[in-house]
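# Observations on the model geometry
Next come the chains, spelled out residue by residue.
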Amino acid sequence: LAKTTQPISMDSYEGQEVNITCSHNNIATNDYITWYQQFPSQGPRFIIQGYKTKVTNEVASLFIPADRKSSTLSLPRVSLSDTAVYYCLVGDVGRDDKIIFGKGTRLHILP
Amino acid sequence: SAVISQKPSRDICQRGTSLTIQCQVDSQVTMMFWYRQQPGQSLTLIATANQGSEATYESGFVIDKFPISRPNLTFSTLTVSNMSPEDSSIYLCSGTGTGNEKLFFGSGTQLSVL
């Protein structure tokens, strides 16, 4: 399992774009990168998953450089409701494998 | 996407008693996991619930303390046995297709042990 490193916390303001970067230097060839969001008193929620280059959905974008040793979750025009903990996970989607969460990034959006 | 129902949502228990948490998925999932989350902390994997066989426990967790059942592809239970205040935590059930696909979570069980 590739280990991930994220900033422990970040602050931003409403309406700003927020970028959270995750380092995964030991990512394997078959590993995908997945991001989850967790609000207080709730289980984590899937945000986005990607393998390389850029992935975009209605919630976020995921940027993955060619070497795949890092990835950046981009949240456009955040609001107060985006205050949450964001987890970056790396693993092989085709393999039955346990899923280990890192420490995550606590994002605090200010008015 | 799968919907996971977990109950109870919270409970307050006495030291020395046991609590069984139930997890029901609205569709078949290949893998089910049980996690524990202390306040302000990340999720810690307790075990992988295997259908029809013994669960696979992570280091620091044992079957006698956290017996897990998974009789079919949509249901699992976690029992917290002989509870102590140190077991106070949020317990989360999750499921997915193959490993590292999109993981779905229940809303969690907040356990307080007095």
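As a reminder, the structure under discussion sits directly above these lines.
Now for a description of the structure that goes with this document. (Residues numbered from 1 in each chain as written. Chains lettered and ligands numbered in written order. Predicted model: local features only at pLDDT ≥ 70, side-chain atom pairs only at ≥ 80, totals over all residues. Heavy atoms only, no water.)

## With respect to the interface of chain B and chain A
Facing 22 residues of chain B, the contacting portion of chain A comprises 25 residues. Interface of chain B and chain A: buried area, both sides summed, is about 1,800 Å²; carbon and sulfur atoms make up 52% of it. On inspection of chain B and its partner chain A, the count reaches one salt bridge. With a shortest N-O distance of 2.9 Å, K98(A) and E58(B) are connected by a salt bridge. The tally of links from chain B across to chain A stands at seven residue pairs in polar contact (both at pLDDT 80 or more). Only β4 (31-37) and β5 (43-49) of chain B provide two or more residues apiece to the side of chain B that touches chain A. (Contact = heavy atoms within 4.5 Å. Buried area = accessible area lost by both parts, 1.4 Å probe. Salt bridge = Lys/Arg side-chain N within 4 Å of Asp/Glu carboxyl O. Polar contact = N/O pair within 3.5 Å; in protein donor to acceptor, adjacent residues only side chain to side chain. Helix = DSSP H or I, 4+ residues; strand = E, 2+ residues; numbered from the N terminus.)

## Some thoughts on the state of the cysteines
All names here are of chain A. For the structure on display, the rule yields two disulfides over all chains. Here C22 engages in a disulfide with C88; their sulfurs sit 2.2 Å apart. Residues C22 and C88 are joined through a disulfide that is left-handed, its torsion about the S-S bond being -80°. Linking C22 in strand β2 (residues 18-23) with C88 in strand β8 (residues 84-92), this pair joins segments that are 66 residues apart in sequence. Considered together, C22 and C88 belong to a single accessibility category, that of buried residues. (Disulfide = S-S within 2.5 Å. Buried < 20%, exposed > 50% of the residue type's maximum accessible area, 1.4 Å probe, protein only.)

## Considering the packing of aromatic side chains
All names here are of chain A. Enumeration according to the criterion identifies ten aromatic pairs over all chains in this entry. Ring geometry for Y32 and Y51: centres 5.1 Å apart, planes at 55°, overall tilted. Residue Y32 is found in strand β3 (residues 31-38), and its partner Y51 is found in the loop between β4 (45-50) and β5 (53-56); the two are separated by 19 residues along the sequence. Classification of Y51 as partly exposed rests on a relative accessible area of 26%. The interplanar angle of 50° and the centroid separation of 5.7 Å between the aromatic rings of Y36 and F101 together place this pair among those described as tilted. Here the residue Y36 occupies a position in strand β3, and F101 occupies one in the loop between β8 and β9 (105-110), the gap between them amounting to 65 residues. For the pair Y36 and F101, one class covers both residues: buried. Seen from the ring of Y51, R68 lies directly overhead, with NZ or CZ sitting 3.9 Å from the centre. (Phe/Tyr/Trp six-rings, centres within 6.5 Å; stacked < 30°, edge-to-face > 60°. Lys NZ or Arg CZ within 6 Å of the ring centre and 35° of its normal.)

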